[in-house]
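Descriptive structure summary
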Amino acid sequence: MEVTGKIILALPEMTGVSKAGNPWKKREYVLETFESYPRKIHFDFFGEKADQFQLQVGQNIKLSFDIESREYNGRWFTSIRGWKVDPADGDAQAPTAAYAAPAAAYGAPAAPATAVPGAVPPPPIPAASTEEDLPF
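Given the structure is predicted, the values throughout are model-derived calculations rather than measurements. Along every chain, residues carry numbers that run from 1 in the direction the sequence is written. In keeping with the model being predicted, local features are shown solely for residues with a pLDDT of at least 70 and side-chain atom pairs are shown and tallied solely at 80 or more, while totals for entire chains, interfaces and linings include all residues. Excluded from the side-chain calculation are hydrogens and water; included are all heavy atoms of the structure.

1. Some details on the nonpolar core
Membership of the largest hydrophobic core comes to 15 residues, with the highest contact counts inside it found for F43, F45, L55, I61 and L63. Listed by contribution, the elements that provide at least two residues to this core are β1 (2-10), β3 (23-33), β4 (40-46), β5 (60-72) and β6 (75-87). Here F43 is in contact with I7, R27, E28, Y29, L31, L55, I61, L63 and I80, once residues within four sequence places are set aside. Residues enter a nonpolar core if they are buried and are Ala, Val, Leu, Ile, Met, Phe, Trp, Tyr or Cys, with the set joined through side-chain atoms within 4.5 Å. When accessible area is computed with a 1.4 Å probe and restricted to protein chains, residues below 20% of their type maximum are described as buried, those above 50% as exposed, and intermediate ones as partly exposed. Numbering of helices and strands starts at the N terminus; helices are DSSP runs of H or I of at least 4 residues and strands are runs of E of at least 2. Contacts between residues were defined by any pair of non-hydrogen atoms, one from each residue, lying within 4.5 Å.

2. With respect to the pairing of β4
Looking at chain direction, β3 and β4 are connected through 7 bridges and run antiparallel. By the bridge assignment, V30 is partnered in β4 with H42. Hairpin remark: β3 followed by β4, antiparallel, with 6 residues in the connecting loop. Two strands are said to pair when DSSP picks up at least two bridges between them.

3. Some remarks on the environment of F53
Its place among the elements puts F53 in the loop between α1 (48-52) and β5. Residue classification places F53 among the buried residues on the basis of a relative accessible area of 13%. Separated by 30 residues in the primary sequence, F53 and W83 place their C-alpha atoms 9.0 Å from one another. Look past the residues within four positions of F53 in its chain and what remains in contact with it is Y29, F45, W83, K84 and V85.

Here's what the structure looks like:
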């Protein structure tokens with residue numbers, strides 16, 4: 001899965017030793033999405049990925065991640081484990097076409113809508129006619 005947003009918090013690196021005696025490390029971050037109602041997402045990088053991706057607060061990224069749940073003493077815990085980071089596109093903060101205000105409402109020509117795979121295009125809007133369509 002992927003999500004795009006801005007890093008708003010970088011937590012300190014955590015290290016330890018597993019029961020098997022193997023050392024481990026983990027870096028945790030909080031990302032805020034660019035949606036109309038922004039969401040905060042806590043995620044981490046584990047092992048060598050913790051050194052590979054050292055992110056900075058304020059950085060815009062596209063995060064690829066996996067969601068993992070596990071049971072411990074009858075309770076379930078869910079974590080979001082990042083595995084790849086790319087710089088976010090320059091227009092990531094622009095509203096999507098579904099939420100953008102129609103340009104024609106402000107006197108500007110409407111921009112062509114981007115095609116969504118599998119979507120049915122809307123029917124064409126008939127041109128305005130000078131005669132009235134009312135039956136009375």
